[in-house]
Amino acid sequence: MDTKKISGSQILIESMIREGIDTIFGYPGGAIMPAFDALFDYRDKINHVLTRHEQGATHAAEGYALVSGKTGVCLITSGPAATNAVTGISNAMLDSTPIVVITGQVGSSLLGTDAFQEIDVVGIMQPVTKWAYQIRRAEDVAWAVARAFYIAKTGRPGPVVLDFTKNAQTEKAEFSYKPCTFIRGYIPEPDVKQERIAEAAKLINAAKKPLALVGQGVILAKAEAELKMFLEKANIPAAWTLLGASAMPSDFKLNMGFLGMHGNMAPNMKTNECDVLIAIGMRFDDRVTGNLDTYAKQAKIIHLDIDRAEINKNVQVDVPVLGNAKETLPLITKLLSKANHQEWIDSFKVYDDKEYNTVIKKEITPENGEMTMGEVVHKVSEATNHQAVVVTDVGQNQMMAARYSKHSQTRSLITSGGLGTMGFGLPAAVGAKVGAPDRTVCLFCGDGGFQMTIQELGTIMQEKLGVKIILLNNDFLGMVRQWQEMFFDERYSFTEIDNPDFVAIAKAYNIDGTLVTKRKNLDAAIRDMLKDDKPYLLVVNVQKKGMVYPMIPAGASVTDVLLGNE
């Protein structure tokens, strides 16, 4: 391969191009300026999206990665820029999102001197990344970039940070690029044990009441088709975690609904009735399991996961199946007998009917009173024919969006799961629209989370991104208020919030918008929002003290489902 001497900054850009990167989210500054200067000459090959904050850049990279299946990239400077990115990097770590964040750093000769905007980036980032590395020489850049992208996107994906000293950016070195395909000691995909496959199939074939729990691992593995074949062959009802939403179409006949604290009643109750529980690419998070002492004690448990650390971490399992779901699911399917569990599947309907009559009907089709969050989400989902990318912030808006949005294709719910990051929604919607420009992107957010990253309206303005923002405004930090009402004797300690004129703020960013205060105006406002691919802010004043039901209180059993005022 021909080699030539170019700057470390040029090597960085050339290396990323060879990794197939065509989009970067970032914010320039002193210690990363040489890299940005090099980027100036690659504007025809790489689209740089200037966010308004480094946290916004990381969340945008996450949204881009989640909707596109590619690796998101951030380019930011040193010191406060790097510390501003910690939240997004931590979010990506907990939610297994592949992003590579390149931070600027002072020159190698100044390391350890407390120079201007010097911070120990690697020390800070190591606990919240798959790998964090400091580049001190130009000749190490290509090697580090290749390794970074390999680690970020293989196995269980996650964030990688490269801390790029200024001298390594400006020095020159010979450039040649060799993609990384192997790292000693790093085994991204464990060898599949055929005996485990056989054990899993034997348990499933003997099951009378099987239940599959579908997590994000199916989406990350691009194993949606394999999942469907697996479920259909053995007639297994399945439910999904928050991050596993859209792994199955909402109208798929074996889709039994949403698991967890604010999930559907039937799959939660049936978790403690099934005889074989098959967890696929999910990590038994506490929001799904509730009290572990009472969780699925009657069931034999099969756990399919790519990450050995997740096996028996929270729930002791009978058959661990390590490997990529795209490989392990077909192997099990091949050994399954065709089955008919219709009586078991029909038994879910009793709980479904109870939840519908007690909760859902009142939420999505209220006859009078204030507008509800679920009503708005339901109407937007219907208006988009269930084809939109739904992005959420965190809180009541998130749970309502997860409960009442429907999906016809995969990678359609983008949300913050493990970290529960308020402020995630707006910048993540920026990244989602960049990653899926031909899809309608609808962001549901609350008045609290929206204001945490409201500056990213500037990114939407500059990039002319047709993000549809639906702000469910109740003048409260709604989820905290709900807990205060239920568990703290209605002592609403600092959760009521005075809000600005959101539509006026959007107008200042050249974004059209409207405020809906009456139900009779809602349908027309949604139509106006969706009539073209321009950015839009729809503010809907919803009931101030709305509740998200069903709810399983923290630490309770999955069968301790509260339905509100029954």
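Rules used throughout
- In every chain, residue numbers begin from 1 and rise along the written sequence.
- Under the rules for a predicted model, residues below a pLDDT of 70 receive no local features and side-chain atom pairs below 80 are neither given nor counted, while totals for whole chains, interfaces and linings still include all residues.
- Only hydrogens and water are set aside when side-chain values are computed; all heavy atoms of the structure are taken into account.
- By the criteria applied, helices consist of DSSP H or I runs no shorter than four residues and strands consist of E runs no shorter than two, each listed in order from the N terminus.
- The globule rule used for comparison is 2.2 Å times the number of residues to the exponent 0.38, while the radius of gyration itself is calculated over C-alpha atoms.
- Exposure classes here rest on a 1.4 Å probe applied to the protein chains alone. A residue is buried below 20% of its type maximum, exposed above 50%, and partly exposed in between.
- Whether two residues are in contact is decided by their heavy atoms: any pair within 4.5 Å suffices.
- As used here, the arc belongs to the directions running from the helix axis to the C-beta atoms.
- Two strands form a pair only when DSSP identifies at least two bridges running between them.
- Helix axes are fitted only over the stretch in contact, all axes being lines through C-alpha atoms; the angle between N-to-C directions runs from 0 to 180 degrees.
- Salt bridge, as used here: a side-chain nitrogen of Lys or Arg that lies within 4 Å of a carboxyl oxygen of Asp or Glu.
- Remark: nonpolar core denotes a set of buried residues (Ala, Val, Leu, Ile, Met, Phe, Trp, Tyr, Cys) joined through side-chain atoms within 4.5 Å.
- Domain borders in the structure are assigned automatically or taken from a domain database.
- In this analysis, rings of Phe, Tyr and Trp, with Trp reduced to its six-membered ring, are considered paired at centre separations within 6.5 Å, and the interplanar angle assigns stacked below 30 degrees, edge-to-face beyond 60, and tilted for intermediate values.
- In this scheme, Lys NZ or Arg CZ marks a charge over a ring once it lies within 6 Å of the ring centre and within 35 degrees of the ring normal.

J.: Honestly, the overall build of the protein chain in this entry has me stumped. Any pointers?
T.: On a plain count of helices and strands, the protein chain comes out with 24 helices and 20 strands. For 566 residues, the compact-globule estimate of 2.2 N^0.38 gives 24 Å, and the C-alpha radius of gyration of the protein chain, at 24 Å, lies within 12% of that figure. Over its C-alpha atoms, taken along the principal directions, the protein chain stretches across nearly 70 × 60 × 40 Å. Classification of the 566 residues of the protein chain by burial places 59% in the buried group. Within the protein chain, residue pairs in contact and separated by at least 24 positions form 78% of the contacts whose partners lie at least 6 positions apart.

J.: Even after reading the chapter, I still don't get unusual backbone geometry, so can you show me in this structure?
T.: What you tend to see is this: most non-glycine residues have negative phi, and most peptide bonds are trans. Residue P550 follows Y549 across a cis peptide bond; omega there is -5°. Take P550: it is sitting in the segment after β20 (536-541). Backbone geometry at H386 places phi at a positive 60°, although glycine is not the residue there. With respect to the helices and strands, the residue H386 is situated in the loop between α17 (373-383) and β15 (389-392).

J.: So what exactly am I meant to see when it comes to helix α11 (residues 224-234) here?
T.: Note: α-helices contain 3.6 residues per turn, so residues at a spacing of three or four share the same orientation. Here α11 has its buried residues at E224, E226, L227, F230, L231 and A234. Angular distribution of buried residues about the axis of α11 spans 160°; they occupy a single face of the element. Check the buried side of α11 and you find it contacts α9 (194-206), β9 (210-214), α10 (216-220), β10 (238-240), β12 (276-280) and α14 (325-335). N235 lies just past α11 and shows a positive phi near 55°.

J.: Could you clarify how one ought to interpret the sheet that holds β12 in this entry?
T.: Sheet strands pair via backbone hydrogen bonds, and the direction of the pair is either parallel or antiparallel. Within the open sheet, the 6 strands sit side by side as β11-β10-β9-β12-β13-β14. Their pairing is parallel. With one partner strand each, in any of the chains shown, β11 (255-258) and β14 (319-322) form the two edges of the open sheet. Across the sheet, the axes of successive neighbouring strands diverge by a mean angle of 20°, strand direction being ignored. Sheet analysis places β10 next to β11, joined by 2 bridges and oriented parallel. Counterpart to A238 in the pairing with β11 is N255. Contacting β12, β13 (300-305) and β14, α9 runs over the sheet at an angle of about 130° to β14. Packed on one face of the sheet, α14 meets β12, β13 and β14 and runs near 140° to β13.

J.: What am I meant to see in the pattern of salt bridges here?
T.: For side chains of opposite charge, pairing can occur when their charged atoms come near one another. Enumeration over the complete set of coordinates arrives at 20 salt bridges. As a salt-bridge pair, K468 and D532 come within 3.7 Å of each other at their nearest N and O atoms. Taken together, the positions of K468 in strand β18 (residues 467-473) and D532 in the loop between α24 (522-530) and β20 put the pair 64 residues apart, joining distant regions of the chain. K468 sits in the buried class, given a relative accessible area of 2%. By relative accessible area, D532 is classed as partly exposed at 32%. Residues joined by salt bridges that share partners form a network here, namely R156, D307, E310 and K313.

J.: Would you mind going over the nonpolar core with me for this structure?
T.: Across soluble globular proteins, you tend to see nonpolar side chains buried next to one another. By size, the foremost hydrophobic cluster in this structure holds 103 residues, and its most contacted members are F230, L231, L277, I278, I280 and F284. When we break this core down by domain, the ones giving at least three residues each are domain 2 (194-348) and domain 3 (371-541). Apart from residues lying up to four places away in sequence, L231 is in contact with A212, I236, A238, M248, F252 and L254. Core analysis: the second largest hydrophobic core is formed by 50 residues, V67, L426, V434 and I511 among them.

J.: Is there a simple way to think about the packing of aromatic side chains in this case?
T.: Aromatic ring pairs are defined here through the distance separating the ring centres and the angle between the ring planes. Applying the stated criterion to the full structure yields 11 aromatic pairs. Centre to centre, the rings of W483 and F487 are 5.4 Å apart; their planes meet at 75°, and the pair counts as edge-to-face. Residue W483 and its partner F487 are located together in helix α22 (residues 478-487), separated by 4 residues, close to a single helical turn. Under the relative-accessibility criterion, W483 is labelled partly exposed at 25%. A relative accessible area of 36% means that F487 is categorised as partly exposed. Taken together, W131, Y133 and W143 form an aromatic cluster joined through their ring pairs. Here the basic side chain of K270 rests over the ring of F348, its NZ or CZ set 5.6 Å away from the ring centre. The ring of F476 has R481 lying over it, and the distance from NZ or CZ to the ring centre is 5.8 Å.

J.: Would you mind showing me how to read helix α18 (residues 396-404) here?
T.: Counting buried positions along α18 gives 9 out of 9 residues, so the element sits mostly inside the fold. Taken together, the buried positions of α18 are occupied by Q396, N397, Q398, M399, M400, A401, A402, R403 and Y404.

J.: When you look at the environment of G26 in this model, what are you seeing that I'm missing?
T.: The topology assignment puts G26 in strand β2 (residues 23-27). Taking C-alpha positions, G26 is 8.9 Å from T77, a pair spaced 51 residues apart along the chain. Once you skip the residues sitting within four places of it in the chain, G26 turns out to touch F36, H48, V49, L50, T51, A57, L75 and I76.

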